[in-house]
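Structural description and commentary
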Amino acid sequence: MSGAAVMEAPAVGGVKQAEKVALENNKLHKRLCRLVGQAIGDFNMIEEGDKVMVCLSGGKDSYALLDILMTLRERAPIHFDIIAVNLDQKQPNFPADILPAYLTKLGVAFHIENQDTYSIVKRVIPEGKTTCSLCSRLRRGILYRVADELGATKIALGHHRDDILETFFLNMFFGGKLKSMPAKLQSDDGRHIVIRPMAYVKESDSERYAEVKGFPIIPCDLCGSQENLQRKQIKNLMREWEKKFPGRVDSIFSALSNVAPSHLMDRALFNFSDLKTDGVANPMGDIAFDDEPCSMPATFPGTIPLQAV
């Protein structure tokens, strides 16, 4: 009997471990659904009758976006349609069969757009130079056209919280601007609304979700093959910050929703020239004589609780 008990112990332990993993995976799925749903609600991203074009690159984030949106569509109190769109840029060794097979099995409407932007980028951009800018412009123009042809009312991109923060620092450090990726914007041509429902999702959660779901990831042979990008430098900087000072990245992300134009220096956002005393107390007023000007911020409308991010 004792021998049988010893033999059964590992099996019982294995079952418990499997149950624990399943529980954690379920929590991850619920968290992603909650955060994507919160972002959609906060920015009114999807409305009744919308046709949402989900741009599917073959990367972890766009797969996660499509998966979560399909889940939320089943639960939403409104009706909206989803169509997945992939732009086949004719990169060498691109496995053209993977996405159609995956999307057919998933049962979602999809469209594959074939455009050889790879050759254009390689011809125009000198070897060793960053291809992202030209590649992005070409891709954007094509996707806007496809959205028109498909009758899409919203264009959904898979950028997550870390993408937004990295863009913020890139603009600040290298472009001299306080600017990032908005969760919702009007396209350059003024004809489309672009949304980023993953805006509140951490990249680490997206990575883990891709592993859990076993998405058939397709690497990019353009930007994905370039190692010395400024974005990767920023990504490494943020990881180092989070490692040394846990919570710092969360705080920075919350700051993007807590902007005080009167305490910056953009004269287009705040009328400094005509500023005069009015005798009315302002809780957001000057703290120039305070000993601790960087005290913890109060909660502002629209602020995301840090523990939820």
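Residues numbered from 1 in each chain as written. Predicted model: local features only at pLDDT ≥ 70, side-chain atom pairs only at ≥ 80, totals over all residues. Heavy atoms only, no water.

Time to look at a nonpolar patch on the surface. The grouping of Met172, Phe173, Phe174, Leu178, Leu237, Val259 and Leu264 at the surface amounts to a nonpolar patch, some 620 Å² of accessible area in total. Top element by residues in the nonpolar patch is helix H6 (residues 161–175). It accounts for three residues. Within the secondary structure layout, Met172 lies in helix H6. Accessibility expressed as a relative area gives 32% for Met172, which makes it partly exposed. (Patch = residues over 30% accessible without salt bridge, like charges linked within 9 Å, V, L, I, M, F, W, Y side chains within 5 Å. Areas by Shrake-Rupley, 256 points an atom, 1.4 Å probe, with all protein chains shown as cover. Salt bridge = Lys/Arg side-chain N within 4 Å of Asp/Glu carboxyl O. Helix = DSSP H or I, 4+ residues; strand = E, 2+ residues; numbered from the N terminus. Buried < 20%, exposed > 50% of the residue type's maximum accessible area, 1.4 Å probe, protein only.)

Across all of its chains, the model carries nine aromatic pairs by this definition. Geometrically, the ring pair formed by Phe169 and Trp241 is edge-to-face, given 5.4 Å between the ring centres and 70° between the ring planes. One end of the pair, Phe169, is in helix H6; the other, Trp241, is in helix H8 (residues 230–244), with 72 residues separating them in the sequence. Given the relative accessible area of 5%, Phe169 is considered buried. Centroid distance Tyr200 to Phe253: 6.3 Å. Interplanar angle 85°. Geometry classified as edge-to-face. (Phe/Tyr/Trp six-rings, centres within 6.5 Å; stacked < 30°, edge-to-face > 60°.)

The next thing to look at is the packing of helix H2 (residues 60–75) against helix H3 (residues 98–106). The relative placement of two packed helices comes down to the angle between their axes together with the axis-to-axis distance. Closest axis-to-axis distance for the H2/H3 pair is 13 Å, and the angle between their directions is 10°. When the interaxial angle is binned, H2 and H3 end up roughly parallel. Here H2 runs over H3; the crossing is right-handed. Only Ile98, Leu99, Tyr102, Leu103 and Leu106 of H3 make contact with H2, whose side of the interface consists of Tyr63, Leu66 and Met70. Here the contact of H2 with H3 is built from residues that sort into eight nonpolar, no polar and no charged. (Axes fitted to C-alpha atoms, helices over the stretch in contact; angles between N-to-C directions. Parallel < 35°, antiparallel > 145°, perpendicular 65-115°, else oblique. Left-handed = near helix turned anticlockwise from the far one by under 90°. Contact = heavy atoms within 4.5 Å. Nonpolar A, V, L, I, M, F, W, Y, C, P; charged D, E, K, R; others polar.)

The subject of this paragraph is the pattern of salt bridges. Tallied over the entire structure, the rule returns 19 salt bridges. The salt bridge involving Asp162 is made with Arg161; its shortest N-O contact spans 3.7 Å. Arg161 matches Asp162 in its accessibility class, with the two residues each being buried. Glu203 is paired through a salt bridge with Lys235; the nearest N and O atoms lie 3.0 Å apart. Note that Glu203 is positioned in helix H7 (residues 203–213) and Lys235 in helix H8, a separation of 32 residues in sequence. Lys235 matches Glu203 in its accessibility class, with the two residues each being buried.

This paragraph deals with the pairing of strand E1 (residues 51–55). Regular strands place side chains that alternate from one sheet face to the opposite one. In terms of burial, E1 is a largely internal element, four of the five residues being buried. Crossover handedness for the path E1 to H2 to strand E2 (residues 81–88): right-handed. Bridge count for E1 against strand E4 (residues 154–156) is three bridges, and the pairing is parallel. Bridge assignment links Val54 to a residue of E4, and that residue is Ala156. (Right-handed = clockwise from strand over helix to strand, strands pointing away. Pairing = 2+ DSSP bridges.)

Now for the sheet that holds E1. The strand order across the open sheet formed by six strands is E3-E2-E1-E4-E6-E5, and the pairing between neighbours is mixed. On the outer flanks of this sheet lie strand E3 (109–114) and strand E5 (184–186), each paired with one strand and no other. Strand after strand, the sheet turns through a mean of 25° between neighbouring axes, direction not considered. Here H2 sits on the sheet in contact with E1, E2 and E4, set at roughly 155° to E1. Against the sheet, H3 contacts E2 and E3, and its axis sits at roughly 170° relative to E3.

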